[in-house]
Amino acid sequence: MSKMLISGGNGFLGSYLCEKALDNDFEVTVVDNLSTSKERQVPKEATFVKKPIEKFNTNTRFDFVIHLAARPSPEDYIKNPLSTIDSNDIGTRNMLEIARKSGATFMYTSTSEVYGDPKILPIPETYFGYVNPNGIRSCYDESKRFSEALIKAYERQYGLDVRIQRPFNVYGPRIREDGFYGRVIPRFIDQALRNKSITVHGDGKQTRSFLYVSDWVDATWKFLMNNRAKGKVLNIGNYREISILELAELIINKTSSRSKIVHLQSREEDPKRRAADITQVRKILKWEPKISLDRGLEYTINWLKEKKNL
Ligand code: UDP
């Protein structure tokens, strides 16, 4: 039986990856400190170790080492800059060492934030980014960029099989939805279902492209299992670029809400546009996103309605 180690396996994305690995008869070990979780969602068939990834030691040899542990929500990571950095410096180094000793395939979930406030759209992997090295978001975007450098150093120095993905705004059921932590989609849905004001930061003209979680799982699995993907850095995202204002209106319509849009102060250093160029991932993995934003929002709305009894 192949063995897979997943850091952050209790999180939104991690829990889906655990399920996928278990369905494929992998033996799964999860290391997670539950720092961004409200509840445990690691499947019971997986071995669960509650620890920060920086402090995890093991003599087990794994076939796959996946480093997912991160604090990806801007409102959360700007309040916790040091632990955000820890999972991307010490944490990445620790996971790389485990992979090196095992001779494992190593995968890192980087982020579209490595591109900062991009000047080229849609963004190809070859774009180096436009990032403030000491700005409010640097604890996340710069530490993710550092991780990528560390991973490439392991590849160059030890010949480790490494794969780096850059997901673009993944959403869907199980994304943390409480007001403080919530990313834009779960927050707007929650507000709309309660007929509360929809809080758009700034003029709402900033854009994102959103990827539904099942598409992310499919792409990730293909990326892990396809040997032609060894050493690649791939964007994983969806085509449609939408403004935050349009997103707010779409969610109001889909929930038949009486909510009104209110404009709050812009977030500091909020990227103005973000859209994925997915030419490479389509070509190399023969993968296409299947779930449209409309359909994905409906699934997410239904999940939240049920969860919160709304
Ligand atoms: N946003 C917003 N209102 C909110 C939360 C987020 O207008 O209550 C906007 C935010 O300014 C950003 C976009 O939604 O432009 C995406 O924010 P999120 O926190 O989901 O992630 P990001 O893509 O910035 O990492």
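Figured I'd write up the structure that's included with this text. (Residues numbered from 1 in each chain as written. Predicted model: local features only at pLDDT ≥ 70, side-chain atom pairs only at ≥ 80, totals over all residues. Heavy atoms only, no water.)

## Regarding the environment of Val31
Link 1 in the chain: Tracing the chain through its elements places Val31 in strand β2 (residues 27-32).
Link 2 in the chain: Taking the C-alpha atoms as reference points, Val31 and Lys51, separated by 20 residues in sequence, lie 6.1 Å from one another.
Link 3 in the chain: Setting aside chain neighbours within four positions, we find Val31 in contact with Leu5, Ile6, Ser7, Gly8, Gly9, Val49, Lys51, Ile53 and Phe56. (Helix = DSSP H or I, 4+ residues; strand = E, 2+ residues; numbered from the N terminus. Contact = heavy atoms within 4.5 Å.)

## Observations regarding the pairing of β2
Link 1 in the chain: Most of β2 sits inside the fold, with five of its six residues counted as buried.
Link 2 in the chain: Both strand β1 (residues 3-7) and β2 contribute to a ladder of five bridges, which runs parallel. Directly across from Leu5, in β2, lies its bridge partner Thr29.
Link 3 in the chain: In the classification by handedness, the crossover that spans β1, the intervening helix α1 (residues 12-23) and the parallel β2 is right-handed.
Link 4 in the chain: Two elements, β2 and strand β3 (residues 47-50), share four bridges in a ladder whose sense is parallel. Considered in β3, the bridge of Asp32 is made with Lys50. (Buried < 20%, exposed > 50% of the residue type's maximum accessible area, 1.4 Å probe, protein only. Pairing = 2+ DSSP bridges. Right-handed = clockwise from strand over helix to strand, strands pointing away.)

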